[in-house]
Amino acid sequence: MNQNYSTAAQGSSSAIATNKVLRSTYMLLSLTLLFSGLTAALSMFMNMPPMTYMISVIGGMVIAMFVLPRFANSSAGIGIVFLITGMLGFGLGPILSMYASLPNGGNIITLSLGGTGAIFMGLSAYALATRKDFSFMGGFLMVGFLLVLLAALANIFLQIPAMSLMISAVVIMIMSGFILYDTSRIIHGGETNYVLATIGLYMTIFNIFISLLQILGIMGNDD
Amino acid sequence: MNIQTPVKPGFCFGQKGFVEEVIQEEGNMDWMEIVSALALVMFIIILLPATRDMMRNSSKGTSADWMSFVIPVVVVFLFIMLLVKLV
């Protein structure tokens, strides 16, 4: 009887901890997305040159891969997440300015933003509602992502627009899988650090948005 | 087993699509292509060991598990087709 009570209490405390990670992740994710929006607007307002995009994204990724993991368990980790997401948002500014200058640019940006939001919320709701364990997809998604990176590397030299379109579509599919995988990891206690969980989900949203912009930009471009 | 997932890189390079076309309009694309290629090679090298670990340690999914992944991805694909029609 005591043992049953103890097991139930442990299960309950674990569920509370998981809910806390989930709540903190979504809270930090919302704030970082807002902050990215602000830095993107600032970058548009400052009329930054297009190369800002590449410099900001590479800088942000280097910090995310090498600096963030060392500080993920301290309060400095939150500051670093804002630094990374701010840089990524700032880098998006010139690209958004160029899309906005197109005849249907506003429409492309609005559809990409709305589409990204709908995909993220729909898949998160699916993972949360079904509470299914998607941990089996980890290896498959990482291999898929590596293959896409290799294809992108090849396309720098091949320069085939159709391949670019295909890569963007595959990135969205793989990132959709990552939303399910990352959310399921939080639900099942595989990810207990909300700073790392936030940057993981943020990168999926960023990648979906940029890929959707590419697809809609190519398909909506009459030239 | 708790497998640490590496941070996914921002996917924005090497796509000869609209984003890079608009950058190219400004010139300086040669060195930017070289930087993009180097960044991609760096990301691939960093992700390779983590991918190998995840391949070894991931649990195996049943066909029902895979269907629960395929169905939402198909819905996402149809949704993108709808967005393309709308643009």
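Residues numbered from 1 in each chain as written. Chains lettered and ligands numbered in written order. Predicted model: local features only at pLDDT ≥ 70, side-chain atom pairs only at ≥ 80, totals over all residues. Heavy atoms only, no water.

Side note on the overall build of chain A
Phase 1: Within chain A, the secondary structure is distributed over seven helices and zero strands.
Phase 2: Secondary structure of chain A in N-to-C order comes out as α-α-α-α-α-α-α.
Phase 3: In terms of overall dimensions, chain A has a C-alpha envelope of 75 × 35 × 30 Å along the principal axes.
Phase 4: For chain A, with 223 residues in total, the buried portion stands at 52%.
Phase 5: Of all intrachain contacts in chain A linking residues separated by at least 6 positions in sequence, the fraction that spans at least 24 positions is 84%.
Phase 6: When the accessible surface of chain A is summed, it comes to about 9,500 Å², and 70% of that surface belongs to carbon and sulfur atoms.
Phase 7: Here chain A contributes 6 positive and 5 negative side-chain charges, whose respective centroids are spaced 20 Å apart. (Helix = DSSP H or I, 4+ residues; strand = E, 2+ residues; numbered from the N terminus. Buried < 20%, exposed > 50% of the residue type's maximum accessible area, 1.4 Å probe, protein only. Contact = heavy atoms within 4.5 Å. Areas by Shrake-Rupley, 256 points an atom, 1.4 Å probe, with all protein chains shown as cover. Lys, Arg positive; Asp, Glu negative; His and termini not counted. Charge placed at Lys NZ, Arg CZ, Asp CG, Glu CD.)

Here we look at the pattern of salt bridges
Phase 1: Applying the stated rule across the entire model yields two salt bridges over all chains.
Phase 2: A:Lys132 is the partner of B:Asp65 in a salt bridge, and the nearest nitrogen-oxygen pair spans 2.9 Å. Of this pair, B:Asp65 sits in helix H3 (residues 63-86) while A:Lys132 is found in the loop between helix H4 (105-130) and helix H5 (138-158), placing the two residues in two different chains.
Phase 3: With relative accessibility at 25%, the residue A:Lys132 sits in the partly exposed group.
Phase 4: The residue A:Arg185 makes a salt bridge to A:Glu191 at a minimum N-O spacing of 3.3 Å.
Phase 5: When its relative accessible area of 8% is taken as the criterion, A:Arg185 is described as buried.
Phase 6: Note on A:Glu191: relative accessible area 8%, which makes it buried. (Salt bridge = Lys/Arg side-chain N within 4 Å of Asp/Glu carboxyl O.)

Focus: the packing of helix H2 (residues 51-71) of chain A against helix H7 (residues 194-219) of chain A
Residues and elements named next belong to chain A.
Phase 1: Two elements in contact, H2 and H7, have axes separated by 12 Å at closest approach and are oriented at 155 degrees. Looking at the two axes, H2 sits roughly antiparallel to H7. By crossing handedness, the relation of H2 to H7 is classed as left-handed. Here H2 contributes Tyr 53, Val 57, Met 61 and Leu 68 to the contact with H7, which in turn contributes Val 195, Leu 196, Ile 199, Met 203, Phe 206 and Ile 210.
Phase 2: Its residues placed into classes, the contact of H2 with H7 shows 10 nonpolar, no polar and no charged. (Axes fitted to C-alpha atoms, helices over the stretch in contact; angles between N-to-C directions. Parallel < 35°, antiparallel > 145°, perpendicular 65-115°, else oblique. Left-handed = near helix turned anticlockwise from the far one by under 90°. Nonpolar A, V, L, I, M, F, W, Y, C, P; charged D, E, K, R; others polar.)

A word on H5(A)
Phase 1: Here H5(A) contains 21 residues, and its C-alpha end-to-end distance of 30 Å stays within 8% of the 30 Å for a straight helix at 1.5 Å per residue.
Phase 2: One or two positions beyond H5(A), positive phi appears at A:Gln159, with a value near 55 degrees. (Expected span 1.5 Å × (residues − 1).)

Here's the deal with the side chain of A:Thr183
All names here are of chain A.
Phase 1: Here Thr 183 lies in helix H6 (residues 161-187).
Phase 2: Classification of Thr 183 as buried rests on a relative accessible area of 0%.
Phase 3: Only 2.6 Å separates the side chain of Thr 183 from the backbone oxygen of Ile 179, close enough to count as a polar contact.
Phase 4: Contact partners of Thr 183, with chain neighbours within four places excluded, come to Tyr 26, Ser 124, Ala 127, Leu 128, Phe 178 and Leu 201. (Polar contact = N/O pair within 3.5 Å; in protein donor to acceptor, adjacent residues only side chain to side chain.)

A few points about the packing of aromatic side chains
Phase 1: Within the structure shown, the criterion is met by 11 aromatic pairs over all chains.
Phase 2: Here A:Tyr26 and A:Phe120 contribute two aromatic rings whose centre-to-centre distance is 6.5 Å and whose plane-to-plane angle is 80 degrees, an arrangement assigned as edge-to-face. Taken together, the positions of A:Tyr26 in helix H1 (residues 2-45) and A:Phe120 in helix H4 put the pair 94 residues apart, joining distant regions of the chain.
Phase 3: Residue classification places A:Phe120 among the buried residues on the basis of a relative accessible area of 12%.
Phase 4: Where A:Phe136 meets B:Trp66, the ring centres are 4.9 Å apart and the plane angle is 80 degrees; that geometry is what we call edge-to-face. You can see A:Phe136 sitting in the loop between H4 and H5 and its partner B:Trp66 sitting in helix H3, one on each of two chains.
Phase 5: Given a relative accessible area of 26%, B:Trp66 falls into the partly exposed group.
Phase 6: Grouped by ring-pair contacts, the aromatic residues A:Tyr126, A:Phe134, A:Phe136, A:Phe140, B:Trp66 and B:Phe69 constitute a single cluster. (Phe/Tyr/Trp six-rings, centres within 6.5 Å; stacked < 30°, edge-to-face > 60°.)

Nothing here speaks to function; it is all geometry.
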